[in-house]
Amino acid sequence: MEFSEKVKETAAKAGRTVNAWADCAAAHLDVLTLESSRDKLFAELGRLFYHDPSLTATDPRVVRLTAHLKEICAKIDAKKEAIASAKGKIPCSHCGRPLPADYAFCPHCGRPCEK
Ligand SMILES: [Zn+2]
């Protein structure tokens, strides 16, 4: 291989790595933004119950907030899963923590990894 081809190949490889890193950084930022929204919703829910202790889970405000919370938590989980899979990791089928694909047992929960 000629020197100029090697330079081109190395530059292309570096470009792909930078793009993957940028995608990953953007996904991490999305997760932080979503977690901030989730925390604000939890605080709002806490304030509702603090100001009205007789409030029940069927109150329309509580129903609306919990539905929004579920939606945001699902988005966070999906983003985290995408980040882990981009790093060559798969979520543990028991505890959900990201693990290298070749692990036989999860070091977090100790259970066998299902392939
Ligand atoms: Zn696990």
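Attention here is on the structure that accompanies the text. The shown structure was predicted, so the numbers you read here are calculated from the model rather than taken from an experiment.

**Focus on the overall build of the protein**
Step number 1: Tallying secondary structure elements over the protein gives two helices and two strands in all.
Step number 2: Helices and strands in the protein line up, N terminus first, as α-α-β-β.
Step number 3: Here the protein has a C-alpha radius of gyration of 21 Å; the compact-globule value for 115 residues is 13 Å, and the former is much larger.
Step number 4: The proportion of buried residues among the 115 residues of the protein is 3%.
Step number 5: Of the contacts formed within the protein by residues at least 6 apart in sequence, a portion of 37% connects residues at least 24 apart.

**Topic: the environment of Arg-64**
Step number 1: You can see Arg-64 is positioned in helix α2 (residues 60-86).
Step number 2: For Arg-64, a count of 11 C-beta atoms within 10 Å translates into the label exposed.

**A few points about the environment of Val-31**
Step number 1: Within the fold, Val-31 resides in helix α1 (residues 3-51).
Step number 2: With 25 residues separating them along the chain, Val-31 and Lys-6 place their C-alpha atoms 37 Å apart.
Step number 3: When neighbours within four sequence positions are excluded, Val-31 is seen to be in contact with Ile-76, Lys-79 and Lys-80.

About the criteria used
- The residue numbering used here restarts from 1 in each chain and proceeds along that chain's sequence as written.
- Thresholds applied to this predicted model are a pLDDT of at least 70 for local features of residues and 80 or more for the giving and counting of side-chain atom pairs; totals over whole chains, interfaces and linings are not thresholded and use all residues.
- For helices the rule is a DSSP run of H or I covering at least 4 residues; for strands it is a run of E covering at least 2, with both sets numbered from the N terminus onward.
- Computation of the radius of gyration draws on C-alpha atoms alone. For the globule rule, the value is 2.2 Å times the number of residues to the power 0.38.
- Comment: burial labels come from other C-beta atoms within 10 Å of the residue's own C-beta, placed from the backbone, where a count of 20 or more is buried, 12 or fewer is exposed, and between is partly exposed.
- Whether two residues are in contact depends on their C-beta atoms, placed from the backbone: they are in contact if these lie within 7 Å.

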